[in-house]
Amino acid sequence: MRNVASILLFLFVAVTLPADKPAERVRLRVGFFPNVTHAQGLIGFITSQDGKGWFEERLGPEVEIQWFVYNAGPSAMEAIFAGSIDMTYVGPSPAINAHVRSRGEDIRVVAGAAQGGAALLVRPEAHITDVEDFMGRRVATPQLGNTQDVAARIWLRRQGFNVQTFGGDVLVLPTANPDQLTLFKQGKLDAVWTVEPWVSRIENEAGGRIYHEQRDVVTTVLVAGVEALEKRRPLVEKFVKAHRELTEWIRANPEEAQKLVQRAISKEVRREIPLSLVQSAWKRLTFTSEIQRHPLDEMAKDARTLGFLRGRVALDNLILTLP
């Protein structure tokens, strides 16, 4: 009887005692664009979807990466300000704008991601062969004040044109990338300044001819919000380390990386993107996690010249080097 009572007591305790709660997962929220220039974000996203996340495997089983897709830098920066995401891949100009807007308090560039992949294309039927042929023409850029928009306006000014926000010797028209392709085909645009994969699409699908190419310009950086750095710095540091490792893997395994990027973009835009398009874009890109101050200073100077940056906040603390 004593043995039976002991067993019953054990069963009662086992049933009534609270079970150990599973460890609460830590979430890191990361933004990216469905562009080839955001290859690291795209690969991180698609491997997460496959259940073999590049970043999850390196950050640990207790960490969940949540991926958020954006189509423009300003919206990604607004998400950082609102606390909706912790980090994002983004063009340098929106990052600089956000840094100045927050008086240097909210945004940090923690790594480079991609260089090159931006170009000015002209429509053959527009018969633009020399710089002076741009007089009175319509040139599209992806968005007012974005990296390519600033580059286009500064380049035109350096060629001697009077370029206003809207108007001047050359009409610069901020136009979403998909609309650029359509209007270019229809002959309603004379030229486009854009970034991959749209450079390749306009070249291959609309017969665009590259007039000027930016091979060394910083195209994409990895940004972290200061709030995330303050509250979960070790996690951000691990992510940046994994980003560096992924960048080196991309450089060493371009064919496999291209297939992952193609699948990720296809999933996001909900239609099959040809692998050949990604391969074409890849030729114009250099993936690097290194980031230097000088190119960002030059971009900030250009943005101020155009009136897009009105503050005089220094970029001294914009770049944060993490271990």
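Just so we're clear, the structure is a prediction, and the values are computed from it rather than from any experiment.

Each value, and the rule that gives it
- Residues numbered from 1 in each chain as written.
- Predicted model: local features only at pLDDT ≥ 70, side-chain atom pairs only at ≥ 80, totals over all residues.
- Heavy atoms only, no water.
- Helix = DSSP H or I, 4+ residues; strand = E, 2+ residues; numbered from the N terminus.
- Polar contact = N/O pair within 3.5 Å; in protein donor to acceptor, adjacent residues only side chain to side chain.
- Contact = heavy atoms within 4.5 Å.
- Buried < 20%, exposed > 50% of the residue type's maximum accessible area, 1.4 Å probe, protein only.
- Pairing = 2+ DSSP bridges.
- Axes fitted to C-alpha atoms, helices over the stretch in contact; angles between N-to-C directions.
- Core = buried A, V, L, I, M, F, W, Y, C linked by side-chain atoms within 4.5 Å.
- Expected span 1.5 Å × (residues − 1).
- Arc of directions from axis to C-beta.

Caption draft 1: Representation of the side chain of Ser200 in the model. Mapped onto the secondary structure, Ser200 falls in helix H8 (residues 198-205). Reaching out from Ser200, the side chain makes a polar contact with the side chain of Ser280 at a distance of 2.9 Å. In terms of polar contacts, Ser200 uses its side chain to reach the side chain of Arg284, at 3.3 Å. The contacts of Ser200, once residues within four sequence positions are left out, are Glu205, Leu277, Ser280, Ala281 and Arg284.

Caption draft 2: Quick look at the pairing of strand S10 (residues 218-225). Most of S10 sits out of view: 8 of its 8 residues are buried. Where strand S3 (residues 87-90) meets S10, 4 bridges bridge the pair, whose relative direction is antiparallel. Pairing of Val90 across the sheet is with Val221, part of S10. Sheet topology note: the strand S4 (residues 107-116)/S10 ladder contains 7 bridges and is antiparallel. Counted as the bridge partner of Ala114 is Thr220 from S10.

Caption draft 3: How the structure looks around the sheet that holds strand S9 (residues 209-214). A sheet is described by the order of its strands in space; here 5 strands give the open sequence S7-S6-S8-S5-S9, paired in mixed fashion. Two strands bound the open sheet, and with one partner strand each, they are strand S7 (171-174) and S9. Strand-to-strand twist of the sheet, defined as the mean angle between neighbouring strand axes without regard to direction, takes the value 20°. Pairing geometry for strand S6 (residues 138-141) and strand S8 (residues 191-195), over 2 bridges, is parallel.

Caption draft 4: Examining the sheet that holds S4 more closely. Strand order across the open sheet formed by 6 strands is S2-S1-S3-S10-S4-S11, with mixed pairing between neighbours. Edge positions in the sheet fall to strand S2 (63-69) and strand S11 (285-287), since each of these pairs with one other strand and no more. Sheet twist, expressed as the average angle between the axes of neighbouring strands with direction ignored, equals 25°. Direction of pairing for S4 relative to S11: antiparallel, over a ladder of 3 bridges. The residue bridging Gln115 from the neighbouring strand is Thr286, located in S11.

Caption draft 5: Molecular detail of the nonpolar core. Counting 46 residues, the largest nonpolar core has Met87 and Phe239 as the members making the most contacts within it. Examining the composition of this core, we find that 10 residues originate from one element, helix H9 (residues 226-252), more than from any other. Dropping the residues within four chain positions of it, Phe239 is found in contact with Leu28, Val30, Phe55, Leu59, Ile65, Trp67, Met87, Tyr89 and Leu222. Counting 29 residues, the second largest nonpolar core, distinct from the first, contains Tyr70, Val90, Val109 and Leu309.

Caption draft 6: How the structure looks around helix H12 (residues 293-306). In a regular helix each residue adds 1.5 Å, so 14 residues correspond to 20 Å; H12 covers 20 Å between its end C-alpha atoms and thus fits that length. All of the buried residues in H12 are Leu296, Met299, Ala300, Asp302, Ala303 and Leu306. Down the axis of H12, the smallest arc covering the buried residues is 160°, so these residues share one side. In H12, the exposed residues that point more than 90 degrees away from the buried face are His294 and Lys301. Buried positions along H12 lie against helix H5 (92-101), helix H6 (147-158) and S10. Following H12 by one or two positions, Gly307 has its phi on the positive side, about 90°.

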